[in-house]
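The residues making up each chain are set out below.
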Amino acid sequence: MYIIKVKGVAKIPDYVQLRDDEFTLLAYFRVDRPEKSLDKVGLADKADYIMNVVRELPFGQILKLDF
């Protein structure tokens, strides 16, 4: 699974993309509201880990997550 943090502009907030190994979009959520999207894809139990990674990840960089 891959994670990408996308910088928002003007009124558009910052977003996070979660993609599978074939780079198919699994989840797309605002940095400040991840709960519902992570729950939908079955990653609610890993939300703390994912959000810690998001806080440290620079905008535009792709990072492979290994659970």
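Look a little higher up for the structure.
Predicted model, so just to flag it, every value in this text is computed and none were measured.

A. Fine view of the environment of Pro13. Tracing the backbone shows Pro13 in the loop between strand S1 (2–6) and strand S2 (15–19). It is 8.0 Å that separates the C-alpha atoms of Pro13 and Val31, two residues lying 18 residues apart in sequence. What Pro13 contacts, discounting residues up to four positions off in sequence, is Gly8 and Arg30.

B. Molecular detail of the pattern of salt bridges. Enumeration over the complete set of coordinates arrives at three salt bridges. Put simply, Asp21 and Lys64 hold a salt bridge, and the shortest N to O gap is 3.4 Å. Linking Asp21 in the loop between S2 and strand S3 (25–30) with Lys64 in strand S4 (residues 62–64), this pair joins segments that are 43 residues apart in sequence. For Lys64, a relative accessible area of 41% translates into the label partly exposed. Here Lys46 ties to Asp45 by a salt bridge, and the two come within 3.8 Å at their closest N and O atoms. We classify Lys46 as partly exposed; its relative accessible area is 27%.

C. Fine view of the sheet that holds S1. Strand order across the open sheet formed by four strands is S3-S2-S1-S4, with antiparallel pairing between neighbours. At either margin of the open sheet sits one strand with a lone partner, and together these are S3 and S4. For this sheet, the mean angle separating the axes of adjacent strands, direction not counted, is 20°. Two strands pair when backbone bridges link them, and S2 and S3 are joined in this way by five bridges, in the antiparallel orientation. Within the sheet, the bridge partner assigned to Leu18 lies in S3 and is Ala27.

D. Representation of the environment of Pro34 in the model. Counting through the fold element by element, Pro34 comes out in the loop between S3 and helix H1 (35–40). Judged by its relative accessible area of 7%, Pro34 is buried. Once the C-alpha coordinates of Pro34 and Ala44 are considered, the two residues, ten residues apart in sequence, prove to be 9.1 Å apart. Beyond its immediate stretch of four places on either side in the chain, Pro34 contacts Phe29 and Met51.

Conventions adopted
Residues numbered from 1 in each chain as written. Predicted model: local features only at pLDDT ≥ 70, side-chain atom pairs only at ≥ 80, totals over all residues. Heavy atoms only, no water. Helix = DSSP H or I, 4+ residues; strand = E, 2+ residues; numbered from the N terminus. Contact = heavy atoms within 4.5 Å. Salt bridge = Lys/Arg side-chain N within 4 Å of Asp/Glu carboxyl O. Buried < 20%, exposed > 50% of the residue type's maximum accessible area, 1.4 Å probe, protein only. Pairing = 2+ DSSP bridges. Axes fitted to C-alpha atoms, helices over the stretch in contact; angles between N-to-C directions.

Any link to function would need more than the numbers given here.
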